[in-house]
Structures are given as C-alpha cells and as structure tokens.
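The residues making up each chain are set out below.
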Amino acid sequence: MSDVPGDEVGKLVEAWGRERPDVDVSSIGIITPVWRLASVVMDHRARVLARHGLDQSHLDVLVTLRLSGAPYRLSAGELSRRCRVTPGATTQRVQAMERLGLVARVREEPDRRTVHVQLTPAGSSRLDGLIAEVMAADEALLVGLQPEQRTALESLLRTWLRSLEAGVARLPGGSA
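The residue numbers shown here count from 1 along each chain, following its written sequence. Owing to the predicted nature of the model, reporting of local features is limited to residues with pLDDT of at least 70; listing and counting of side-chain atom pairs is limited to 80 or more, with chain, interface and lining totals taken over all residues. Side-chain measures were taken over the full set of non-hydrogen atoms in the model, leaving aside hydrogen atoms and water.

(A) Representation of the overall build of the protein chain. Think of it this way: any DSSP run of H or I at least four residues long counts as a helix, any run of E at least two long counts as a strand, and we number them from the N terminus. Counting its regular elements, the protein chain contains seven helices and three strands. In sequence order, the protein chain lays out its α and β elements as α-α-α-β-α-α-β-β-α-α. In this setup the radius of gyration rests on C-alpha atoms only. A globule is expected at 2.2 Å times the number of residues raised to 0.38. The C-alpha atoms of the protein chain give 21 Å as radius of gyration, which overshoots the globular expectation for 176 residues (16 Å, by more than 25%). Along the longest, intermediate and shortest principal axes, the C-alpha atoms of the protein chain span 70 × 35 × 25 Å. For every residue, the accessible area (1.4 Å probe, protein chains only) is compared with the maximum for its type, and the residue is labelled buried under 20%, exposed over 50%, or partly exposed between those bounds. Counting all 176 residues of the protein chain, 23% fall into the buried class. Note on contacts: a residue pair is in contact if any heavy atoms of the two residues lie within 4.5 Å. For the protein chain, long-range pairs separated by at least 24 residues make up 47% of all intrachain contacts whose partners lie at least 6 apart in sequence. All tallies of charge rest on Lys and Arg as positive and Asp and Glu as negative; His and the ends of each chain are not included. Think of each charge as sitting on NZ of Lys, CZ of Arg, CG of Asp or CD of Glu. Looking at the protein chain, you have 23 positive and 22 negative side-chain charges, and the mean spots of the two groups are 7 Å apart.

Right, dumping it as structure tokens:
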C-alpha cells in the first residue's frame, strides 16, 4: 500500500493494479486528483457567489461581457460561444440576469434581428465588487503551493488543456 499518509489516490491506483493487473490504471493518479480538485474548487466558488445571490453561470456571463471591452456587449451567439454553452442555456442565463438588472438585451438598428447582450452599469458595478472577493477565495485554495510549484502546475495544466482542445475529435466518444 501507499506509504504516504492520506494518499487515497495512491491507494486507489494500488488497489486497481492488484484487482486488474491487465489494465493500465496509472491515469487514476492524475484524473482522480483533478476531478476531486474540480469539485472542491466549484463548491468553494459556489459558496462565495451564493453570498452575493449569484452562481457560476452568472459570473461567466458578467466576466465574458466585461472582458469583451467597451461597450461590454456581445451578440447572443458570440456570448454562447465564448461561455461554451448552448444558445438555450444562454437565453436562460440572460433572462435570469435581466431580472437582476445585470444585463440588458439590445437590438441593433435598423433591422433589429441581431440581439446583443450588454452589461448594465449595475452589472458592471456588481462584478467590480465581486471579482476581488472571488479571486481572494480562489487564491486561498492555492495556499499549499510554492511559487515555483504554481508556475509548473499552471504550465502543465495549460499544455494538457491545449492538447485536449486541439484534438477533441480524437478522444474516445468524441468529447473532452
């Protein structure tokens, strides 16, 4: 068994290696921590956002609009693409955020067929008040890592993500 106290992932790899020696289970050593970390990060972020009456989908829209640059407006289709969600999900998000006064739907003159979603002054103000708290909470999750470890981890994760995003069609099942 793993000699490191609390090394549940090492114990999983060893147990599966014992139970299925014919299968390469080494990916468990990477995928399981990533999966567990994602859960911790998402739960932590959800608690921070809930204190403000928001959720991650709201933050995604607010940040995406803000980072698009002045006038902080995107077409609904472009917002869907950048947030990596379906047009239906974008519609639901925008409707909920309109009710909160954070975004507004704007139709372009003269044909009015194109719908843009624009960050309102209230949405911009809300994001400005929220983003520092979100970043501080995210930073607290990284407290156990030394600067050089953070740099190495960031580089490795970006490299892995780029390779997956570039080759999604080659993945089993065709998705990431």
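After presenting the structure, the write-up continues.
(B) View of the environment of Ser-124. Relative to the helices and strands, Ser-124 is located in helix H6 (residues 121-141). Residues Ser-124 and Met-97, spaced 27 residues apart in sequence, show a C-alpha to C-alpha distance of 12 Å. Setting aside residues no more than four positions away along its own chain, Ser-124 makes contact with Arg-66 and Leu-119. By the criterion applied in these results, polar contacts are pairs of N or O atoms within 3.5 Å in which, for protein atoms, one can donate a hydrogen and the other can accept it, and in which residues neighboring in sequence qualify only through two side-chain atoms. At a separation of 3.4 Å, a polar atom in the side chain of Ser-124 contacts the side chain of Arg-66.

(C) Region of the structure containing the packing of aromatic side chains. Centres within 6.5 Å are what make two rings of Phe, Tyr or Trp a pair, Trp counting through its six-membered ring; a difference in plane orientation under 30 degrees is then read as stacked, over 60 as edge-to-face, and the rest as tilted. One pass over the full model with this rule turns up zero aromatic pairs. In this scheme, Lys NZ or Arg CZ marks a charge over a ring once it lies within 6 Å of the ring centre and within 35 degrees of the ring normal. The ring of Tyr-72 has Arg-66 sitting right over it, with the charged end atom 5.5 Å from the ring centre.

(D) Fine view of the packing of helix H4 (residues 76-83) against helix H5 (residues 87-99). Here the axes come from fitting lines to C-alpha atoms, over the contacting stretch only for helices, and the angles between their N-to-C directions go from 0 to 180 degrees. Two elements in contact, H4 and H5, have axes separated by 9 Å at closest approach and are oriented at 105°. Considering their axes alone, H4 and H5 lie roughly perpendicular with respect to each other. Contacts between H4 and H5 involve Ala-76, Leu-79, Ser-80 and Cys-83 from the first element and Pro-87, Thr-90, Arg-93 and Val-94 from the second. All residues other than Ala, Val, Leu, Ile, Met, Phe, Trp, Tyr, Cys, Pro, Asp, Glu, Lys and Arg, Gly among them, are scored as polar; the first ten of these are nonpolar and the last four charged. Along the lines of polarity and charge, the residues of the contact of H4 with H5 split into five nonpolar, two polar and one charged. Roughly parallel refers to an angle under 35 degrees, roughly antiparallel to one over 145, roughly perpendicular to one between 65 and 115, and oblique to any angle outside these ranges.

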